[in-house]
Amino acid sequence: MMTDSEVFKEGLAGVPAAKSRVSHVDGTDGILEYRGIRIEELAKSSSFIEVAYLLIWGKLPTQGELEEFEYEIRTHRRIKYHIRDMMKCFPETGHPMDALQTSAAALGLFYARRALDDPNYIRAAVVRLLAKIPTMVAAFHMIREGNDPIQPNDKLDYASNFLYMLTEKEPDPFAAKVFDVCLTLHAEHTMNASTFSARVTASTLTDPYAVIASAVGTLAGPLHGGANEEVLNMLEEIGSVENVRPYVEKCLANKQRIMGFGHRVYKVKDPRAIILQDLAEQLFAKMGHDEYYEIAVELEKVVEEYVGQKGIYPNVDFYSGLVYRKLDIPSDLFTPLFAIARVAGWLAHWKEQLSVNKIYRPTQIYIGDHNLSYVPMTERVVSVARNEDPNAII
Ligand code: ACO
């Protein structure tokens, strides 16, 4: 019989946390499927809203179903003025992910009825979250710049409307199409930290706004979302194609991670990075060259030469920052964009969790003391460990 220590896996690495039909990753062959359909096909032929429908309802919609879903989302994009007023009280220097987490949780105050066994309630929650999260991201961005939020434009599709709410200009259709594909690529990715967080929260049968707020909070951490922002900083630091090789050599010598490379599951180039690189090239051909692109291509070549044999290749974050930069999106909105897309995956997992629910209640291996005496205050000594050892368990 296995002991607790043998069963224990740091970070639950490789431990299945659910049986799921939502998506599948094959890290050896570089395959990602949503509901069994390859990401390449979806990126080429579908749209983000259709992909959201596929993920959440488990099948591709008919024309009528898609039109109805799009219409519902389009007509629920506005946010209540109370939420806008609440955002005006946030510090302008606050991170947009923190603003989003707070605002997503606040939706639960305004749509407080909870009826998890009512399909109409589920549908309304799905529509509201998909519709309002982009509006909240854009509204906080406008407010922190000292402007009034821009109202959603009902004439525009999902991707175009988001870009419009950031600038009050209707975007170039090709730019909007590229952005829509980016949303598709980020919509879902199996049992990562934020999805697990969403499922744990869902398993308590709380409301869906709390589920999405907890997932947003998890995505905000630098080990999860956020590497694409760092890729841009790194390309800026490298500065020129000639500096790439010395930069890589220095990083590897110092055991420093090169941002946008490596993945827990993929040991080949992330299929999303392949699609994003192609999109970036198309975007540069149409909207003008980007000085960082040659640096990025050279970096990929040199990193592969040095550590490709370890399975270190570009991940989804490597080229996405370059695409967003060309779309004039501020870099601290990159993780909120990830969240806008991933709401679709989180909602799919929320529904799946409800359908088979058992509350998550793992165990632990207790490594603390036993049978200690309660020491009266006057007899206690100052803990030196607290001052001297930052890792001490107190
Ligand atoms: N640059 C250089 N070397 C790397 C990198 C990297 N980016 N990633 C892994 N390695 C090396 C490690 O040093 C290690 O080498 P060693 O065996 O000689 O010690 C080996 O590859 C294996 O590394 P692990 O830490 O076991 O890989 P793991 O699967 O745990 O890490 C992770 C995956 C966290 C994504 C890592 O590759 C990394 O930190 N990448 C940079 C940050 C990044 O781009 N994050 C975005 C990930 S995608 C996403 O979250 C949406």
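A short tour of the structure in this document, coming up. Per chain, the residues get numbers from 1 upward, laid out in the order the sequence is written. Given that this is a predicted model, residues contribute local features only at a pLDDT of at least 70 and side-chain atom pairs are listed and counted only at 80 or more, while totals for whole chains, interfaces and linings are drawn from all residues. For the side-chain quantities, the full set of heavy atoms in the structure was used; hydrogens and water were omitted.

## Some points on the site of the ligand
- By nearness alone, 18 residues border the ligand, and Arg257, Ile258, Gly260, Phe261 and Lys310 come closest of all.
- A distance of 2.8 Å separates an oxygen atom of the ligand from a polar atom in the side chain of Arg257.
- Here a polar contact is taken to be a pair of N or O atoms separated by no more than 3.5 Å, where protein atoms must pair a possible hydrogen donor with a possible acceptor and residues adjacent in sequence count only if both atoms sit in side chains. In this structure, Gly260 approaches the ligand through a main-chain N or O atom, which is 2.9 Å from an oxygen atom.
- Computed with a 1.4 Å probe, the accessible areas rest on the Shrake-Rupley method; for each residue, only the protein chains presented here act as cover. Summarising the interface, the protein chains cover 66% of the accessible area of the ligand, which totals 940 Å² for the free molecule.
- Ten residue types, Ala, Val, Leu, Ile, Met, Phe, Trp, Tyr, Cys and Pro, are classed as nonpolar, four, Asp, Glu, Lys and Arg, as charged, and the remainder, Gly among them, as polar. The residue makeup of the shell around the ligand, split by class, is eight nonpolar, five polar and five charged. Think of it this way: one heavy atom of a residue within 4 Å of a molecule or strand is enough to make that residue near it.

## Points about the pattern of salt bridges
- Salt bridges are defined as contacts in which a side-chain nitrogen from Lys or Arg sits within 4 Å of a carboxyl oxygen from Asp or Glu. Scanning the model with the defined rule gives 14 salt bridges in all.
- As a salt-bridge pair, Arg272 and Asp270 come within 2.8 Å of each other at their nearest N and O atoms.
- Close ionic contact of Arg325 with Glu291 constitutes a salt bridge, the shortest N to O distance being 3.5 Å. With Arg325 in helix H16 (residues 316–326) and Glu291 in helix H15 (residues 291–307), the pair connects residues that are 34 residues apart, well separated along the chain.
- In this scheme, a residue with accessible area under 20% of its type's maximum is buried, one over 50% is exposed, and one in between is partly exposed, where area comes from a 1.4 Å probe on protein chains only. Judged by relative accessible area, Glu291 falls into the exposed class, the value being 56%.
- Each of Asp290, Glu291 and Arg325 takes part in salt bridges that share partners, so that together they form one network. Note on conventions: DSSP H or I runs of at least 4 residues are helices, E runs of at least 2 residues are strands, and numbering of each starts at the N terminus.

## Observations concerning helix H5 (residues 81–88)
- Looking only at H5, the buried set comprises Ile83, Arg84 and Met87. One side of H5 carries all its buried residues, which in axial view fall inside an arc of 100°.
- Elements in contact with the buried residues of H5: helix H6 (96–110) and helix H7 (119–144). To obtain the arc, one takes the directions from the helix axis to the C-beta atoms. Any two residues whose heavy atoms approach within 4.5 Å are treated as being in contact.

## Things to note about the pairing of strand S2 (residues 31–34)
- In this scheme, strands are said to pair when DSSP sees at least two bridges between them. Summarising the sheet, strand S1 (residues 23–26) and S2 pair through four bridges and their orientation is antiparallel. For His24, the partnering residue across the bridge sits in S2 and is Glu33.
- Hairpin connection of S1 to S2: four residues between the antiparallel strands, including Gly30 at a positive phi of 65°.
- Looking at chain direction, S2 and strand S3 (residues 37–38) are connected through two bridges and run antiparallel. Along S3, the bridge assignment pairs Glu33 with Arg38.
- Where S2 folds back on S3, the antiparallel hairpin that results is connected by two residues, among which Arg35 adopts a positive phi of roughly 50°.

## Regarding the packing of aromatic side chains
- We call Phe, Tyr and Trp rings a pair once their centres come within 6.5 Å, taking the six-membered ring for Trp, and we label the pair stacked below 30 degrees between planes, edge-to-face above 60, and tilted otherwise. Following the criterion strictly, the structure yields twelve aromatic pairs and no others.
- Considering the side-chain rings of Phe48 and Tyr158, the 5.3 Å spacing of their centres and the 35° angle between planes classify their relative orientation as tilted. Placement of the pair is Phe48 in helix H3 (residues 48–57) and Tyr158 in helix H8 (residues 158–167), with a sequence separation of 110 residues. The exposure classification of Phe48 matches that of Tyr158, with both residues buried.
- An aromatic cluster is present here, built from Phe261, Phe284, Tyr293, Phe318 and Tyr319 joined pairwise through their rings.
- Sitting over the face of the ring of Tyr292, Arg325 holds its NZ or CZ atom 3.9 Å from the ring centroid. Lysine and arginine charges are scored as sitting over a ring when NZ or CZ, respectively, is within 6 Å of the ring centre and within 35 degrees of the ring normal.

The values reported here are purely geometric and, on their own, carry no functional implication.
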